[in-house]
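# Descriptive structure summary
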Amino acid sequence: MDQLMIADPAAEETLIEQEAVAQKRIRRARAILGDEVVILGHHYQRDEVVQFADFVGDSYQLSVEGARVSARVIVFAGVHFMAESAVILGREDQVVILPNMKAGCSMADMANLEQVLGAWEELGDVLMDDPASRIMPVTYINSAANLKSFVGEHGGTVCTSSNARGAMEMALAERDKVFFFPDQHLGRNTGRDMGIPLDEMVLWNPFEPYGGLSDEQILNARVLLWQGHCSVHQQFRPEHVDLWRRHHPEINIIVHPECMMEVVEKADFVGSTASIIRTVEAAEPGSKWAVGTEMHMVNRLKNDHPDRMVQLLSPFSCLCSTMYRISPLDLADVLENLVEDRVINQITVPDDVQHNARLALDRMLSIPR
């Protein structure tokens, strides 16, 4: 049963006790495994798990750290696409483990390869040419390995929220158009920041023939935005910004670019997860911040900086529920199995997918942040 659905107080108390025991099990297993294992933890991960991470970061940082570590086993306390990237960028002799195989990403699931291939074929019909001659596919790192592979095969790149502009500038310098997957908001906010008019950025609906667009719209567009979004950042609304400003006129609003354009327009600062952390850390004591990103990270910032007010922008809990599926129990299980020389929950990527996905990820790593 998903831990978020537990309503029975007795059952919840039992789970808390089990997780307390699990933390002791984790420490014992880590002491035995030593440097053989490294744990990577995403900023959105819950405290009970992320406390055991050797490296904590966003998707970009953890991709880099995963490629650098010498450990034989990487335990990735994140979500499925992050672990896949660690496989692609890591060594052949490394093993990558996801503590809970149900820890996925709803945004990544919104752009499946079958739909993308269908869209690519339809674009060829409209352009009456190979789409790759005029369109560069760019996928956000929050995507499946097979979509990254498709992008790499067609000369495109992966991007992160911190280098999305560099990726789109590179794409438009080389080709007429960009097809941006899967987060429409990051693509739109980036394009707008580059000065691209909104009528030259069109939304591709994968459930409609030709994306629900006319030939004229496709031909005139510079940016084709896949209809996807982050379930966490989608929850932040313009009225949340207005409410904070009404009660705290001096408030600083800082949001992630996965938020909708109407929220980004009202914010004082917009940046990646790492950028949000740096900005709040560098802020003056006594300053006030309303932060539009995942609640575990916001709470961590709040606890780390008690001399300034740090609050979640939304009045409602905004957590990454799929990442929350990783519990101390899951982490204890995979580590204890490693002690017994058993590997469970290993993430693998087929060799042919790895090759082209690696091309796209290598391009990502070469783009300035």
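Residues numbered from 1 in each chain as written. Predicted model: local features only at pLDDT ≥ 70, side-chain atom pairs only at ≥ 80, totals over all residues. Heavy atoms only, no water.

## Observations concerning the pairing of strand β7 (residues 177-181)
Here β7 lies mainly inside the structure; 5 of its 5 residues are buried. Burial along β7 is two-sided: the residues K177, F179 and F181 and V178 and F180 are all buried. As paired strands, strand β5 (residues 135-140) and β7 are joined by 5 bridges and run parallel to one another. When the sheet's bridge partners are listed, V138 is paired in β7 with F180. (Buried < 20%, exposed > 50% of the residue type's maximum accessible area, 1.4 Å probe, protein only. Helix = DSSP H or I, 4+ residues; strand = E, 2+ residues; numbered from the N terminus. Pairing = 2+ DSSP bridges.)

## Notes on helix α4 (residues 80-89)
The buried count for α4 comes to 9 of 10 residues, which makes it a mostly enclosed element. Of the positions making up α4, those classed as buried are F81, M82, A83, E84, S85, A86, V87, I88 and L89. Where α4 is buried, its residues contact β1 (37-42), α3 (59-68), β3 (73-77), β4 (95-97), α7 (145-153) and α16 (351-366). (Contact = heavy atoms within 4.5 Å.)

## Some points on the sheet that holds β4
In spatial order, the strands read β2-β1-β3-β4; together these 4 strands make up an open sheet with parallel pairing. Where the open sheet ends on each side, the last strands, each with one partner, are β2 (55-57) and β4. Between one strand axis and the next, the sheet turns through 20 degrees on average, direction left out of account. Bridge analysis of β1 against β3 gives 5 bridges, and the strand direction is parallel. (Axes fitted to C-alpha atoms, helices over the stretch in contact; angles between N-to-C directions.)

## Quick look at the side chain of D58
Mapped onto the elements of the fold, D58 is located in the loop between β2 and α3. Judged by relative accessible area, D58 falls into the buried class, the value being 6%. The residues contacting D58, other than those within four sequence positions of it, are H42, H43, T273, A274 and R369.

## So, the packing of α7 against α16
Orientation of α7 relative to α16, taken along the N-to-C sense of each, is 70 degrees, at an axis distance of 7 Å. Overall, the two elements α7 and α16 adopt an arrangement that is roughly perpendicular. Our pair here, α7 against α16, has a crossing hand that is left-handed. Residue-level inspection shows A145, N146, K148, S149, V151, G152 and E153 of α7 in contact with α16, the latter providing D352, V353, N356, A357, L359, A360, L361 and R363. Looking at the contact of α7 with α16 residue by residue, the class counts come to 7 nonpolar, 4 polar and 4 charged. (Parallel < 35°, antiparallel > 145°, perpendicular 65-115°, else oblique. Left-handed = near helix turned anticlockwise from the far one by under 90°. Nonpolar A, V, L, I, M, F, W, Y, C, P; charged D, E, K, R; others polar.)

## Side note on the packing of α4 against α16
Between α4 and α16, the shortest axis-to-axis distance is 9 Å and the interhelical angle comes to 95 degrees. Relative to α16, α4 is oriented roughly perpendicular. Counting all contacts with α4, which are made through S85, V87, I88 and L89, the residues of α16 involved are Q354, A357, R358, L361, D362 and L365. Partitioned by chemical class, the residues of the contact of α4 with α16 number 6 nonpolar, 2 polar and 2 charged.

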